[in-house]
Amino acid sequence: MNRKVIGSILIVILLAIGYFISPFYNNEGYNTGSQGGISILEVGAQEVRDRPVKTYELTAQETEWELGDGKQVNAWTYNGTVPGEALRVTKGDFVRVHLKNELDVPVTIHWHGVILPNKMDGVPGLTQDAVEPGESFTYEFIANDPGTYWYHSHQHSADQVDRGLYGSLVIEEKEPEYEQDEFFILDEWTTGSGDQGSFNMGGMMQGHMSGDGEMDTKQLYDTFTVNGKSGDAIEPLVMKEGETARLRFVNAGYQQHQLMFPEDSIKVIANDSEEVSGEKGSAQVVEIAPGERIDVAYIKQSDEPAVIAENPNVENAGDMQIPVVSNENAVVQDDVTVPVSSAMADGTSYGSEELLFKETPDPDVTYDMDLSMGMNMGEGMSFQINGQSFPETPPIKVEEGDIVKVNIKNEGRMNHPMHLHGHRFQVASKNGTSYDNPIVKDMIHVKPGEEYVVYFEADNKGEWLFHCHDNNHADLGMITIVDYKGVYSPFEIGGENQPE
Ligand code: C2O
Ligand code: CU
């Protein structure tokens, strides 16, 4: 071998070493470095053209927040309230939100459920850098799909959403069907000795093995809230006899909630942001998983006061009661009977009006997603996808146009509400049985022992999270990424960028 050849071999070896130790090499296989193709900042551009522009300012700030019953918490808020400012736009609007960060930690805003360009998704380290204290960021997207949404920080979400960094977003139809339209965000708080936002497996180990898939979460929280208020401080819903309102519920917490309505007073009308089809449900209890949205049409049957209340079997349920009264000045009575029923609906009870696929499609990509819990040497509890914790979890590698099939299986003992960013999927079957009428959603609540098959079309190029919306589980590893070929993220996970 002559010197030239040895020289070039050496250069190649050095380059290779340089590559593997550089931040661009990423052994998890995530396209988060420069790996060819184009940057996610270059895809999915949307223009204002002649659309109406709706502009909002949201300032992340620290707020002493009164939950009610004398319980005060040091909250982190968008614009000084929990939930943050309510955003309501109309289909077709161009939405522009200026986020200003006055906290002393970095934050973002993720638009939960909204189909938008990847760079507007608000995931730190993947679609943007977290917004540093004192800095700003502008989010822009077209409100294409009417429905119920919410927004929340995606920076250390296990901590930041827990402390109050969330709010509601409604995309209204051009001609809304219901005159009265209300939003309720459910949440849980720690007001006792525990520290809001901290996750400690101790309590679980000491007991609370309640077998409902939530033994890890239950011991964390002592106060339940509706729109940031608890118990008597919950704002009543004002309706007259015979009136019907659209009530939109979002669960921003980490526990599932079961709301009970007076007999024959509701129909479930939407799951996540999709309308449900056919008959529509007339269950009396609605179970909402963490991160999930369910809309009901509620009719006020008489002028007598009524109540929409959490299932009284749940610990701390008493905090979560929405009184329904006929006029603003009505005194909310204590003796209204809480309806009790077992006719329950959840996010999988009703099929969707509009399907993504008429027939079960032939997938181009199949991904088996096994959800489990494990121990990490020296670090304690971890939550896993296919035996790995993020960022080691294997990505879902897709090409634009692919039909993707995901078999989600929960072999553990906890509930996992799995949420996909930037897409809707069609839930085709549960535990091997196909749905006659499939369900289109962006979140599927997978309980212990359950198995769901979902399909989606890879039609929104970028790098998108698919994760458990019990954010504590996400924090401990239950996240993967839908990784499109031909694009890369110029951002890096780590340091100030913590997407969970
Ligand atoms: Cu509610 Cu990853 O989001
Ligand atoms: Cu989970």
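This structure is a prediction, so every number in the text was calculated from the model and none was measured.

Visitor: What am I meant to see in the overall build of the protein here?
Guide: In terms of regular secondary structure, the protein is built from 5 helices and 33 strands. For the protein, buried positions account for 56% of its 500 residues. Once local pairs closer than 6 in sequence are excluded, the contacts in the protein between residues at least 24 apart make up 78%. When the accessible area of the protein is evaluated, it comes to approximately 20,600 Å², of which 47% is carbon and sulfur surface.

Visitor: Just to check I follow, could you spell out the side chain of Ser-265 for this structure?
Guide: Note on placement: Ser-265 falls in the loop between β14 (257-260) and β15 (266-271). In this structure Ser-265 comes out as buried when scored by relative accessible area, which is 2%. At 2.6 Å, the side chain of Ser-265 forms a polar contact with the backbone oxygen of Pro-262. Other than its neighbours up to four places away in sequence, Ser-265 contacts Ala-297, Tyr-298, Ile-299 and Gln-301.

Visitor: Just to check I follow, could you spell out unusual backbone geometry for this structure?
Guide: The amide bond that connects Val-82 to the next residue, Pro-83, takes the cis arrangement and shows omega of -10°. Take Pro-83: it is sitting in the loop between β3 (71-78) and β4 (87-90). A cis amide bond links Phe-390 with the next residue in sequence, Pro-391, at an omega value of 5°. Examined against the element boundaries, Pro-391 turns out to sit in the loop between β23 (380-385) and β24 (396-398). Of note, the phi angle at Asn-386 is positive, near 50°, even though the residue is not glycine. Judged by its relative accessible area of 27%, Asn-386 falls in the partly exposed class. Its identity is not glycine, yet Asn-431 carries a phi of approximately 45°, on the positive side. As for its placement among the helices and strands, Asn-431 is situated in the loop between β27 (425-430) and β28 (433-441).

Visitor: Before we go on, may I ask you to explain the pattern of salt bridges in this structure?
Guide: Think of it this way: side chains of opposite charge can pair up when their charged atoms draw near. The full count for this structure, using the stated rule, is 22 salt bridges. For Arg-96, the salt bridge identified is with Glu-140, shortest N-O distance 2.6 Å. You can see Arg-96 sitting in strand β5 (residues 94-101) and its partner Glu-140 sitting in strand β7 (residues 136-142), a full 44 residues away along the chain. Between Arg-293 and Asp-272 there is a salt bridge, with the nearest N and O atoms lying 3.7 Å from each other. A residue pair is termed long-range when its members are at least 10 positions apart, and Arg-293 in strand β18 (residues 293-299) and Asp-272 in the loop between β15 and β16 (274-275) qualify at 21 residues. You'll find Arg-293 and Asp-272 in the same group, each marked buried. Each of Asp-272, Glu-274, Glu-292, Arg-293, Arg-424, Lys-441 and Asp-442 takes part in salt bridges that share partners, so that together they form one network.

Visitor: Mind showing me how you'd approach the packing of aromatic side chains here?
Guide: Aromatic ring pairs are reported here in terms of the distance separating the ring centres and the angle at which the planes meet. Within the structure shown, the criterion is met by 12 aromatic pairs. Arranged with centres 6.2 Å apart and planes meeting at 70°, the rings of Tyr-221 and Tyr-254 form a pair that is edge-to-face. Taken together, the residues Tyr-221 in the loop between α4 (215-218) and β11 (223-226) and Tyr-254 in the loop between β13 (244-251) and β14 connect sequence positions 33 residues apart. Here Tyr-221 matches Tyr-254 in class, with each residue buried. Considering the side-chain rings of Phe-357 and Tyr-455, the 6.4 Å spacing of their centres and the 70° angle between planes classify their relative orientation as edge-to-face. In this pair, Phe-357 is assigned in the loop between β21 (344-345) and β22 (365-376) and Tyr-455 in strand β30 (residues 451-457), connecting sequence segments 98 residues apart. According to the relative accessible area criterion, Phe-357 is buried, its value standing at 9%. Feature note: the residues Tyr-78, Trp-111, Phe-137, Tyr-139, Phe-141 and Tyr-151 constitute an aromatic cluster, connected by ring pairs.

Visitor: Can you help me understand the coordination of the copper ion (ligand 2) in this one?
Guide: In an ideal octahedron of six donors the angles at the metal are 90 or 180 degrees, and in an ideal tetrahedron of four donors they are 109.5 degrees. Of the protein atoms, only His-416 (ND1), Cys-468 (SG) and His-473 (ND1) coordinate the copper ion (ligand 2), at distances of 2.0 to 2.1 Å. The sequence pattern describing where the donors of the copper ion (ligand 2) fall on their chain is H-x51-C-x4-H. Neither Cys-468 nor His-473 differs from the other in exposure class; each is buried.

Visitor: Can you walk me through the sheet that holds β7 in this structure?
Guide: An order of β3-β2-β5-β7 is seen for the 4 strands of this open sheet, with the pairing classed as mixed. Both outer strands of the open sheet, β3 and β7, are each paired with one neighbouring strand and no more. On average, each strand axis in the sheet is tilted by 25° relative to the strand beside it, whichever way the strands run. Where strand β2 (residues 53-68) meets β3, 8 bridges bridge the pair, whose relative direction is antiparallel. Among the inter-strand pairings, Glu-62 is bridged to a residue of β3, identified as Trp-76.

About the cut-offs
- Residues numbered from 1 in each chain as written.
- Chains lettered and ligands numbered in written order.
- Predicted model: local features only at pLDDT ≥ 70, side-chain atom pairs only at ≥ 80, totals over all residues.
- Heavy atoms only, no water.
- Helix = DSSP H or I, 4+ residues; strand = E, 2+ residues; numbered from the N terminus.
- Buried < 20%, exposed > 50% of the residue type's maximum accessible area, 1.4 Å probe, protein only.
- Contact = heavy atoms within 4.5 Å.
- Areas by Shrake-Rupley, 256 points an atom, 1.4 Å probe, with all protein chains shown as cover.
- Polar contact = N/O pair within 3.5 Å; in protein donor to acceptor, adjacent residues only side chain to side chain.
- Salt bridge = Lys/Arg side-chain N within 4 Å of Asp/Glu carboxyl O.
- Phe/Tyr/Trp six-rings, centres within 6.5 Å; stacked < 30°, edge-to-face > 60°.
- Donors = N, O, S within 2.8 Å, 3.2 Å for Na, K, Ca; no water.
- Pairing = 2+ DSSP bridges.
- Axes fitted to C-alpha atoms, helices over the stretch in contact; angles between N-to-C directions.

These results come straight from atomic positions and should not be treated as a statement about function.
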